[in-house]
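# Descriptive structure summary
Residue-level listing of the chains:
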2 protein chains.
Amino acid sequence: MKAMYNLEQILNGNRVALAKAITLIESKKDSDRLHAQRLMEEILPYTNKSIRIGISGSPGVGKSTFIEALGLHLINKGKKIAVLAVDPSSPITGGSIMGDKTRMEKLSRHPKVFIRPSPSSGTLGGVAQKSRETILLCESSGHDIIFVETVGVGQNEIEVSNMVDFFLVLMLPNAGDELQGIKKGIIELADALLINKSDGESIPIAQRTQAQYESAIKLLKPHGSWTQKTMTCSALEKKNIEPAWEMIETFEELSKKTGTFYNKRAKQNKEWMWALIRELMDLKLKTHPEIKQLWPKIENEVVRGEKTPQNAALEIMKQFS
Amino acid sequence: MKAMYNLEQILNGNRVALAKAITLIESKKDSDRLHAQRLMEEILPYTNKSIRIGISGSPGVGKSTFIEALGLHLINKGKKIAVLAVDPSSPITGGSIMGDKTRMEKLSRHPKVFIRPSPSSGTLGGVAQKSRETILLCESSGHDIIFVETVGVGQNEIEVSNMVDFFLVLMLPNAGDELQGIKKGIIELADALLINKSDGESIPIAQRTQAQYESAIKLLKPHGSWTQKTMTCSALEKKNIEPAWEMIETFEELSKKTGTFYNKRAKQNKEWMWALIRELMDLKLKTHPEIKQLWPKIENEVVRGEKTPQNAALEIMKQFS
């Protein structure tokens, strides 16, 4: 089997080789699948060395500006970074509301930065699956810090929070009760909430917003030994970018010392495996000649209350051999 | 097939017949399974007429006292009620920390009340599955209001919140930052938070606690069209029991008018069906002669980072035919 990738170049950090490898694992062609599997096996010993950081927030909150500011700060410290996007809109519209390189102008031109837009879905495991493999590929090619950017829409934050070590949520300063616009529920996933655009006249509002989230967070379930943090910042004025990074470093240090860092990754991998198995089983079930005909009808009977879920499940499984 | 239950008596509200029917569906004997399935089919047309209310809270918060106070109030209004328990401790200890009839003295002696402790797990779908079927049985025998009581431990609240129409969480009055003892995360599931034991000297603390939760709830994801509510009460002094019930009635009325009530039940049923199918598929997989040997080893390799989850999943599925 002739390799469809150049392992040595990937490991050496060659960006063209890396981009080609990602295209291979994103490929939907059956003939590419075995190559992709082999590639993932070969890079595995070179992975697990980065810190993976999820960045989420509503459109307009300043994710790109923040990643550019933090990214440049990290490059100055000698780090190599990768920015990946998980974008729910791309498979639907064909376009992409993220991963837009022109929005991270300085960062995208830097030789120590690798930026990759969202993969399209439709393959096993969907967007999340490909993103997980892309993370591993970026790690193997020597990137120290991997940002996974996602927009606060639908199920994506949950998926992204399950593939990163640290999940950062950007928020807008908001006065009093005007918090209706934000994606509620997301603060439950966040390891830290950053109130961005805390500059000029917005500073007092940002501080009030922070205090509000701070007291809300106290009532939420802590993430293992880590208590969620809040902070204000201004990506535009590069204010509090360094303290934000120090917070993440503290998290990494602390959770590596207690072992929760490694436990979380092991747990994520295990869950990822079973999720894939479940998906493959589902596929088997839903493409089974008899069941394919049967399940939509039975599901409808359950929805209409004409059949108990228990009896419906047993009826479907009776066909499965 | 001779029926192992008396359908007519169940539908007429005979409590002995109902208790026997529940024992049948809880049975782990293979020979009982077909009877149980048939029973569930037969009662189905008589279900769906009650409102299902989950009641959760830490031990000591006063769940039994609250259910007794609210239950007696409802009986006085002519309602027939059932109290079921989902108790995570029973399969482990053999005993039960809930469903203790003596703790609801007046209620348990009333002819319009049916109380059933937690089923033991170990069967398909576990405790949750049996509880769902018990709910349907209680509905078919004419109970208007079904309380599903659970203690705030582990995964149970999530399971219970997925089988009821309204999820009520009882809380203790707590001053300032002393909220460490409560099960965090549970407020995200609650349709309403009731600060119980708001009596005597605790009233001002209860009110402060309520205000705290009220502002926290504003930051959480609303449950469809319903915005979570907070309230203080004293089950002991029977204070705010009626307003609490009126809140649930408002919820029922509102969500029936908008249709979210029925949509939620249809969705719960659909999810229940697929969860059962998934469980049966899992069982098939894990009892498969080759896979049974293989998966623990492969799972360990994934946990240790020696194999990618993707490749592990494909390897396991290759055995499955």
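Residues numbered from 1 in each chain as written. Chains lettered and ligands numbered in written order. Predicted model: local features only at pLDDT ≥ 70, side-chain atom pairs only at ≥ 80, totals over all residues. Heavy atoms only, no water.

Another aspect to go through is the overall build of chain A. When helices and strands are tallied, chain A shows 13 helices and 7 strands. When each of the 321 residues of chain A is scored for burial, the buried share is 54%. Only carbon and sulfur atoms are counted for the fraction: they give 52% of the accessible area of chain A, which is about 14200 Å². (Helix = DSSP H or I, 4+ residues; strand = E, 2+ residues; numbered from the N terminus. Buried < 20%, exposed > 50% of the residue type's maximum accessible area, 1.4 Å probe, protein only. Areas by Shrake-Rupley, 256 points an atom, 1.4 Å probe, with all protein chains shown as cover.)

Before going further, it helps to examine the packing of helix 13 (residues 309–318) of chain A against helix 11 (residues 260–286) of chain B. Running from N to C, helix 13 of chain A and helix 11 of chain B cross one another at 40°; their axes reach a closest spacing of 8 Å. Classified by the angle between their axes, helix 13 of chain A and helix 11 of chain B sit oblique to one another. Seen from above, helix 13 of chain A lies across helix 11 of chain B with right-handed handedness. Facing A:Pro309, A:Gln310, A:Ala312, A:Ala313, A:Leu314, A:Ile316 and A:Met317 of helix 13 of chain A, the residues of helix 11 of chain B in contact are B:Asn269, B:Trp272, B:Met273, B:Leu276, B:Ile277, B:Leu280, B:Met281 and B:Lys284. (Axes fitted to C-alpha atoms, helices over the stretch in contact; angles between N-to-C directions. Parallel < 35°, antiparallel > 145°, perpendicular 65-115°, else oblique. Left-handed = near helix turned anticlockwise from the far one by under 90°. Contact = heavy atoms within 4.5 Å.)

Another point: the layout of surface pockets. Space left empty within the atom packing is revealed by a probe, the size of a water molecule, rolled over the atoms. Residues and elements named next belong to chain A. Estimates place the volume of the second largest pocket at around 340 Å³. Together, 22 residues line the second largest pocket, and Asn48, Arg52, Arg265, Ala266 and Asn269 are the ones closest to its centre. Elements represented by at least two residues in the lining of the second largest pocket include exactly helix 7 (126–140) and helix 11 (260–287). With 7 residues, the single largest contributor to the lining of the second largest pocket is helix 11. Tallied by class, residues from the lining of the second largest pocket come to 10 nonpolar, 7 polar and 5 charged. (1 Å grid on protein atoms, 1.4 Å probe; cavity = no way out; pocket = protein on both sides within 12 Å on 5 of 7 lines; lining within 4 Å. Points joined across faces, edges and corners; volume = space filled by probe spheres on them. Nonpolar A, V, L, I, M, F, W, Y, C, P; charged D, E, K, R; others polar.)

Along an α-helix, residues three or four positions apart point the same way, because every turn accommodates 3.6 residues. Residue and element names in this part refer to chain A. At Trp295, helix 12 (residues 289–303) is bent by approximately 35°, the largest bend along its length, and proline Pro296 sits one to four residues beyond. Taken as a whole, helix 12 has its buried residues at Ile291, Leu294, Trp295, Ile298, Glu299, Glu301 and Val302. Just beyond helix 12, the residue with positive phi is Gly305, at close to 80°. (Bend = angle between axes of the 7 residues up to and from the residue.)

Let us look at the relation of the copies chain B and chain A. Mapping chain B onto chain A calls for a screw motion: a turn of 180° about the axis and a shift of 0.1 Å along it, with 0.1 Å RMSD after fitting. Such values leave the two copies arranged in the relation of a two-fold axis. Identified as the residue of chain B closest to the rotation axis by C-alpha distance is B:Ala216, at 2.4 Å. Comparing interface residues between copies, 98% of those in chain B also lie at the interface in chain A; the contact surface is shared. (Least-squares fit on C-alpha atoms with pLDDT ≥ 70 in both.)

Our focus in this paragraph is the interface of chain B and chain A. Taken together, the contact between chain B and chain A spans 55 residues of the former and 54 residues of the latter. For the pairing of chain B and chain A, the buried interface totals around 5300 Å² over both sides, and the portion due to carbon and sulfur atoms is 72%. Secondary-structure elements contributing two or more residues to the side of chain B that touches chain A are helix 3 (30–43), helix 7 (126–140), helix 9 (203–217), helix 11, helix 12 (289–303) and helix 13 (309–318) of chain B. Ranked by residue count, the leading element in the side of chain B that touches chain A is helix 11 of chain B, at 15 residues. (Buried area = accessible area lost by both parts, 1.4 Å probe.)

Residues and elements named next belong to chain B. Within strand 2 (residues 81–86), 6 of the 6 residues are buried, which leaves the element mostly enclosed by the surrounding structure. Across the two faces of strand 2 the burial is the same, with Ile81, Val83 and Ala85 and Ala82, Leu84 and Val86 all buried. Sheet topology note: the strand 2/strand 3 (residues 113–116) ladder contains 4 bridges and is parallel. Each residue of the ladder has a partner; that of Ile81, found in strand 3, is Val113. Sheet analysis places strand 2 next to strand 4 (residues 145–151), joined by 6 bridges and oriented parallel. (Pairing = 2+ DSSP bridges.)

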